[in-house]
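Single-letter residue listing:
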Amino acid sequence: MSNAIEVKNLTYYYSEGTPNQVAAIKNVNLAIEKGTMVGIIGHTGSGKSTLISHFNGLLKPAEGNVFVDGEDIWQSKETLRGSRFKVGLCFQYPEYQLFEETVFADISFGPKNMKLSPEEVRERVLEAAEFTGLRKEMLDKSPFDLSGGEKRRAAIAGVMAMKPQTLVFDEPAAGLDPSGRKELIKLIQNYREKTGCTVVIVSHSMEDIARVAERVIVVNDGEIAADGTVDEVYSHSDELRKMGLNVPEITQIFSKLHDMGYDVPGNVYSVEKGAEIILNLIGRGCR
Amino acid sequence: MVRDITFGQYYPGKSVLHRMDPRMKLAATFGMIIVIFICKSFPALGLMTLFTLVAALLSTVPLKMILKSIKPVLIILIFTAVLNVFYSKGGQTYFSWWKIEVTEKGVNTAVFTVIRIIALVVLSSLLTYTTTPTMLTDALERLLSPLKVFHIKVHTLAMMMTLALRFIPTLIEEIDRIMNAQKARGADLETGGILQRAKALIPIFIPLMVSSFRRAYELALAMTCRCYTGGEGRTRMKQMKLAGRDIACLVICLIVLAGVITLNIFFKKVI
Ligand SMILES: Nc1ncnc2c1ncn2[C@@H]1O[C@H](COP(=O)(O)OP(=O)(O)OP(=O)(O)O)[C@@H](O)[C@H]1O
Ligand SMILES: [Mg+2]
C-alpha cells in the first residue's frame, strides 16, 4: 500500500533569489502511512506550516518531491488539483477564510469545487455540520454572526465536507479556551474514528498531541529532529527543551517521581491520568 | 505568487546613498530630474548620464535590479523613439521610402529622449532602492511642513501615507494566506474566462475586506490608547541630520547644474 503522503529530499526557500532568502525546510524526508494520526510539534518559526503547505501543493518545493497516494503531485496539473481534494488542509485561524452569505453556502464551497451534484453537496454539508457540532439553525446564519469558536467549527466543516483522504490541521485549537481546545481535539478524534482517514495535526500544545497522536514528528529549524511514538519522543525532554519545547509539567513531575524510585510510570501526559495513578497509589498505601 | 510583487522596492544596503539624509536625497533627486530636462545638448546630457551612472555605482544596487526598473517603461521608450525618429525632420536624410523619412535630426532627438527617460527612471528608482518607504514619507513630511501655514494637515497626510505603506506587506501576506486557504478548498483561480476568474476572486476579496476593516478599527483603537492626537508636539525617534555627505551631494548637484548650463551654451542644441 502506498503512503498517504510522502516527502523526499524536500527543500524550500522563502524569498528565493533575493538577499532575504531563507531556507525554511532543509532536505526533509518523511512518510505518513495511511490511517495514522500524526502530530507535528516544533518551536514557533521552525517550519511546520511551511512543511504542511507542501502536502497539497500550495508551495512548490525548491528541491525534492511530494507524493500523495504514491503519485508525484507536481507531475501535471491534474495531479496537483487532485492533491487539493485528497489532502484537506485546514490553516491556522481558518475562520478568516469564511466569505459566503450563509454558513451552509460556505461549507459547500469545497464540495461545489469538486463538481458534485447539489444533492451530494447538501448531504455532505449536513454531515460535516453534524460532525463539528453546528446546529441546524446556524447553517442559515451569516458566518460573520457566529462566535469565534463557532466560526472555527464552520471553517473546519468546510474542509471536512470535501471528505479528503488525509486531513491536515494547522494549530486547530489556537486561541480557544481550555475546554474549547479539548472539545475540538475530541471532535477531530471522533471524525477519524468514524471515517478512518489519515490525520496530521500541527500544534504547540504537547499535551494535545500526546492525547491523540500515534506518532510524533518534531520539527526544528526546518529539519526533522525526532520522529517516533509519543513515549519515545517525550522521553527526551532535555533535547526537546533545547529546541524550545517543554514537555507537559505533569509529565516532568511523573518522570522525576519515577526516577526517585516511586512506583509510577514515567510517561504520563495528562493531569487526569496522573490524578488517577496517584489516587491509586494512595489507595494502595492506605490499605 | 502575490508576494513577488515588490513594493517600494527597497534594496537593503549600507552605501553612501543609503546613509544619506532622506530629505537631501528626495530634494536632490527632484532637482536633478529638473536638470535632466534643462539639458539641451549631447555633452550636457552626457554629464547628466555620468552623474546618474556614478550615483548608480555608489548605491551598490546590482545592475540587474536597476535594469528591472527600466522594464516597465520599455514600451514607452520604444514608442517615443519611433515617434521621434519619424516626426522630427531636418538635416541629412539617412533613409527614405514612400512618405517615411529618417533624418539626422529625427535620430538625434530619438536617442536624446530615450537617454533622458532612462536617466529619469534610474534616478528615481535609485531613490526608492536606497530609501525605505517610511523614511521617504518622513522626509516628505518635513519638506512639505512649510505648507502648514496654509492649514494643510501635512502630518496627517504623511501619517496616512506611512500607514498605507506599512500595511501593504501585511495585506499581501493576508491575500496570500486567504488564497492558500481557498485553494486548499479547491478554488480554481488560474483557469477560465475573465468573468469566471473575476468571480473566483470573491472568496478572496470578501475575507480580505472583513479583515482589513477589523485591522483598521484595531489600529485606530491602539493609536488612541497610546494617546495619539495628531502632529502637535510630537518628537521623533529618528532625528534627521544633515551630514558631510549631504553637503557634498548638494555641492556635486550644483556643479552638475552649472556644467549642464555651460555645456548647453557652448554646444549645438538637439532639442
Ligand atoms: N512568507 C514568508 N516569507 C518569508 N519567510 C517566511 C514566510 N513564512 C514563513 N517564513 C519563515 O520561514 C520559517 C518557518 O515558518 P513557518 O510559518 O513554517 O513556521 P511555523 O513552524 O509554522 O511557526 P508557528 O508555530 O509560529 O506557526 C520562519 O523562520 C519564518 O520566519
Ligand atoms: Mg505555523
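Provided above is the structure to which this section pertains.
Residues numbered from 1 in each chain as written. Chains lettered and ligands numbered in written order. Predicted model: local features only at pLDDT ≥ 70, side-chain atom pairs only at ≥ 80, totals over all residues. Heavy atoms only, no water.

Caption draft 1: Molecular detail of the state of the cysteines. Within the structure shown, the criterion is met by zero disulfides over all chains. Lacking any disulfide linkage, Cys-90 of chain A is separated from the closest cysteine sulfur, that of Cys-197 of chain A, by 12 Å. By relative accessible area, which is 3% here, Cys-90 of chain A ends up buried. This cysteine, Cys-253 of chain B, is not joined by any disulfide, and Cys-249 of chain B carries the nearest cysteine sulfur, 4.0 Å off. (Disulfide = S-S within 2.5 Å. Buried < 20%, exposed > 50% of the residue type's maximum accessible area, 1.4 Å probe, protein only.)

Caption draft 2: Spatial organisation of the packing of helix α7 (residues 133-144) of chain B against helix α8 (residues 154-184) of chain B. Residues and elements named next belong to chain B. Put simply, α7 and α8 touch, their axes get as near as 9 Å, and they point 170° apart. Considering the angle they form, α7 stands roughly antiparallel to α8. The residues of α8 that touch α7, namely those facing Pro-133, Thr-134, Thr-137, Leu-140, Glu-141 and Leu-144, are Val-154, His-155, Ala-158, Met-161, Thr-162 and Leu-165. The class makeup of the residues in the contact of α7 with α8 is seven nonpolar, four polar and one charged. (Axes fitted to C-alpha atoms, helices over the stretch in contact; angles between N-to-C directions. Helix = DSSP H or I, 4+ residues; strand = E, 2+ residues; numbered from the N terminus. Parallel < 35°, antiparallel > 145°, perpendicular 65-115°, else oblique. Contact = heavy atoms within 4.5 Å. Nonpolar A, V, L, I, M, F, W, Y, C, P; charged D, E, K, R; others polar.)

Caption draft 3: Looking closely at the pairing of strand β7 (residues 166-170) of chain A. Residue and element names in this part refer to chain A. For β7, the buried fraction is high: five of the five residues fall into the buried class. Taking every second residue as pointing to the same face, both faces of β7 are buried, with Thr-166, Val-168 and Asp-170 on one and Leu-167 and Phe-169 on the other. Examined bridge by bridge, β7 and strand β8 (residues 198-202) share five bridges and lie parallel to one another. For Phe-169, the partnering residue across the bridge sits in β8 and is Ile-201. For the crossover from β7 across helix α7 (residues 178-195) to β8, the handedness is right-handed. (Pairing = 2+ DSSP bridges. Right-handed = clockwise from strand over helix to strand, strands pointing away.)

Caption draft 4: Up close: the sheet that holds strand β9 (residues 215-220) of chain A. Residue and element names in this part refer to chain A. The six strands are arranged β6-β7-β8-β3-β9-β10 in an open sheet whose pairing can be described as mixed. Here the strands that pair on one side only, and so sit at the sheet edges, are β6 (87-90) and β10 (223-228). On average, adjacent strands in this sheet sit at an angle of 15° to one another, irrespective of strand direction. Two elements, strand β3 (residues 37-42) and β8, share four bridges in a ladder whose sense is parallel.

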